[in-house]
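So you can see what is in the structure, the chains are spelled out below.
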Amino acid sequence: INYEKGYTGKFCLDIYSDHSYYTLQEYDHFKQFNSTRVINGSWDMLRAGGCSSHPSFYLNPQYCIQVQQETEMYVQLQSNNQFPVGIYILESMGKRVAECPSEKISECFSNSTFLVELNTLTAKLMPGIKYTIVPCTFEANQMGSFRLIVCSMAKFKLEELHEARYRSKK
């Protein structure tokens, strides 16, 4: 924390409650974004790879994102399951993580800490670079549904990268 006068910074605020969580659509600041995509997905027996520490990480659902201009992206991952979830964003040349060189994963462009049920990540993306968003659980084989919300002030292209039935990269 910087206490200098005039210093501008970012922070994350976690809120815990006995009540259901609110989705991004329910906040007034949602209206500030010009482009938004909502994807409903799931981690199932074939697509629950866990975090990047697991060899099965490559199995997780993955989405290619491209921006037309430099922009700040807001990514939110929601899950009604009682386990930690996280978000990775990697430079990927528009490919699934399994097809990327391993150093690209270790040099992950941006990733969130793992939090139960709800997670957010903000990242500045550049035009001309294809990124892969990987929503995942902390442990492998944790199954359930999720909602991925991606927002920006600028237009972007987001599409699912379908797997060719990868098992795990050794």
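Residues numbered from 1 in each chain as written. Predicted model: local features only at pLDDT ≥ 70, side-chain atom pairs only at ≥ 80, totals over all residues. Heavy atoms only, no water.

A. Structural view of the sheet that holds strand S7 (residues 118–125). In space, the four strands of this open sheet follow the order S1-S9-S3-S7, with antiparallel pairing throughout. A single partner strand is all that each edge strand has here, and the edge strands are strand S1 (35–43) and S7. Taking each pair of neighbouring strands and ignoring which way they run, the sheet shows an average axis angle of 15 degrees. In terms of strand pairing, S1 meets strand S9 (residues 144–152) through nine bridges, oriented antiparallel. Looking across to S9, one finds that Trp43 is bridged to Gly144. (Pairing = 2+ DSSP bridges. Helix = DSSP H or I, 4+ residues; strand = E, 2+ residues; numbered from the N terminus. Axes fitted to C-alpha atoms, helices over the stretch in contact; angles between N-to-C directions.)

B. Inspection of the pairing of S9 at higher detail. With seven of its nine residues buried, S9 lies for the most part within the structure. Examined bridge by bridge, strand S3 (residues 71–78) and S9 share six bridges and lie antiparallel to one another. Its bridge partner lying in S9, Tyr74 is registered against Cys151. (Buried < 20%, exposed > 50% of the residue type's maximum accessible area, 1.4 Å probe, protein only.)

C. Quick peek at the packing of aromatic side chains. Applying the stated criterion across every chain yields a total of seven aromatic pairs. Judged by centre distance (4.6 Å) and plane angle (40 degrees), the ring pair of Trp43 and Phe146 falls under tilted. In this pair, Trp43 sits in strand S1 while Phe146 sits in strand S9, placing the two residues 103 residues apart along the sequence. Residues Trp43 and Phe146 agree in their burial class; the two are buried. Feature note: the residues Phe57, Tyr58, Tyr88, Phe114 and Phe138 constitute an aromatic cluster, connected by ring pairs. (Phe/Tyr/Trp six-rings, centres within 6.5 Å; stacked < 30°, edge-to-face > 60°.)

D. Representation of the pairing of S7. Only one face of S7 is buried, namely the one carrying Asn119, Leu121, Ala123 and Leu125, since none of Leu118, Thr120, Thr122 and Lys124 on the opposite face is buried. The sheet contact formed by S3 and S7 spans eight bridges and is antiparallel. Bridging from a neighbouring strand, Val75 pairs with Leu121 of S7.

E. Structural view of the nonpolar core. One finds Ile65, Ile89, Leu125, Ile133, Leu148, Val150 and Leu158 to be the most contacted residues of the largest nonpolar core, which totals 23 residues. Only S1, strand S2 (63–67), S3, strand S4 (84–91), S7, strand S8 (131–137), S9 and strand S10 (156–160) provide two or more residues apiece to this core. Filtering out sequence-adjacent residues up to four positions away, Ile65 remains in contact with Met73, Leu125, Ile129, Lys130, Tyr131, Ile133, Val150, Phe156, Lys157 and Leu158. Among the nonpolar cores identified, the runner-up in size contains nine residues, and Phe57, Tyr88, Leu90 and Ala98 belong to it. (Core = buried A, V, L, I, M, F, W, Y, C linked by side-chain atoms within 4.5 Å. Contact = heavy atoms within 4.5 Å.)

F. Quick peek at the environment of Met126. Tracing the chain through its elements places Met126 in the loop between S7 and S8. Accessibility expressed as a relative area gives 32% for Met126, which makes it partly exposed. Placed 57 residues apart in sequence, Met126 and Gln69 show a C-alpha to C-alpha distance of 6.3 Å.

G. Fine view of unusual backbone geometry. Residue Met93 is not a glycine yet carries a positive backbone phi of 60 degrees. Residue position: Met93 is located in the loop between S4 and helix H1 (102–106). Despite not being glycine, Asn141 shows a phi value in the positive range, around 65 degrees. On the secondary structure map, Asn141 appears in the loop between S8 and S9. Residue Asn141 is classed as exposed on the basis of its relative accessible area of 57%.

H. Examining the confidence of the model for the protein more closely. With 71% of its residues at a pLDDT of 70 or more, the protein has an overall mean of 79. Low pLDDT, under 50, characterises residues 21–27; the stretch is placed with 19 contacts to residues that sit more than four places away or in other chains. Across residues 166–170 the pLDDT falls below 50, and counting only partners more than four positions away or on other chains, this stretch makes 13 contacts in the model. (pLDDT = per-residue confidence, 0-100.)

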